[in-house]
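Residue strings, one per chain:
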Amino acid sequence: MPVEMSRQRFEDLVAEALDLIPPAFASAMDNVVVLVEDRHPEEPGLLGLYHGIALTRRTSDYGGVLPDRITVYREAILDICQDEDDVVDEVAITVVHEIAHHFGIDDDRLHELGWG
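Right, let's walk through the structure included here. Please read all numbers here as calculations on a predicted model, not as lab measurements.

1. Here's the deal with the sheet that holds strand β3 (residues 68-73)
Strand order in this open sheet of three strands is β1-β3-β2, and the pairing throughout is mixed. In this open sheet, the two strands that pair with only one neighbour each are β1 (32-37) and β2 (48-51). The mean inter-strand angle of the sheet, taken between neighbouring strand axes irrespective of direction, is 15 degrees. Here β2 pairs with β3 via four bridges, running antiparallel. Each residue of the ladder has a partner; that of Y50, found in β3, is I70. Against the sheet, helix α1 (residues 7-19) engages β1 and β3, with an angle of about 150 degrees to β1.

Listed below in structure tokens is the structure:
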């Protein structure tokens, strides 16, 4: 049975996970926004998604583009968790995972590092 949690509490957990990012990395993040949505419309089990141009792929002509988006999918995360502590952990893992994509780290490397 999925964990029940208000949207506000979930958004607070996402904000807390962002606060865990070391200041050097947080200050290096550029033109990115973090959003919470209930589910990905095409992949309902997806926990998070990075959509944008990773910092490692930006060239000198990068500019005037909409912010990259990191989306954390609330209902998908709640579905796989047993209690609030699980949600806290999974939100942190998902946020770190998607921020890593912003820095150009791919899924294979994230799995090697334990953030898959």
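2. Comments concerning the pattern of salt bridges
By the definition in use, this model includes ten salt bridges. For E16, the salt bridge identified is with R9, shortest N-O distance 3.7 Å. Judged by its relative accessible area of 42%, E16 is partly exposed. The shortest N-O distance in the salt bridge between D68 and R58 comes to 2.8 Å. Of the two residues, D68 is situated in strand β3 and R58 in the loop between β2 and β3; the sequence distance between them amounts to ten residues. The same class applies to D68 and to R58, which are both buried. A single network of salt bridges, built from pairs that share partners, joins R7, E11, D38 and R74.

Conventions we followed
- Residues numbered from 1 in each chain as written.
- Predicted model: local features only at pLDDT ≥ 70, side-chain atom pairs only at ≥ 80, totals over all residues.
- Heavy atoms only, no water.
- Pairing = 2+ DSSP bridges.
- Helix = DSSP H or I, 4+ residues; strand = E, 2+ residues; numbered from the N terminus.
- Axes fitted to C-alpha atoms, helices over the stretch in contact; angles between N-to-C directions.
- Contact = heavy atoms within 4.5 Å.
- Salt bridge = Lys/Arg side-chain N within 4 Å of Asp/Glu carboxyl O.
- Buried < 20%, exposed > 50% of the residue type's maximum accessible area, 1.4 Å probe, protein only.

As far as function goes, none of this settles anything; it's purely spatial.
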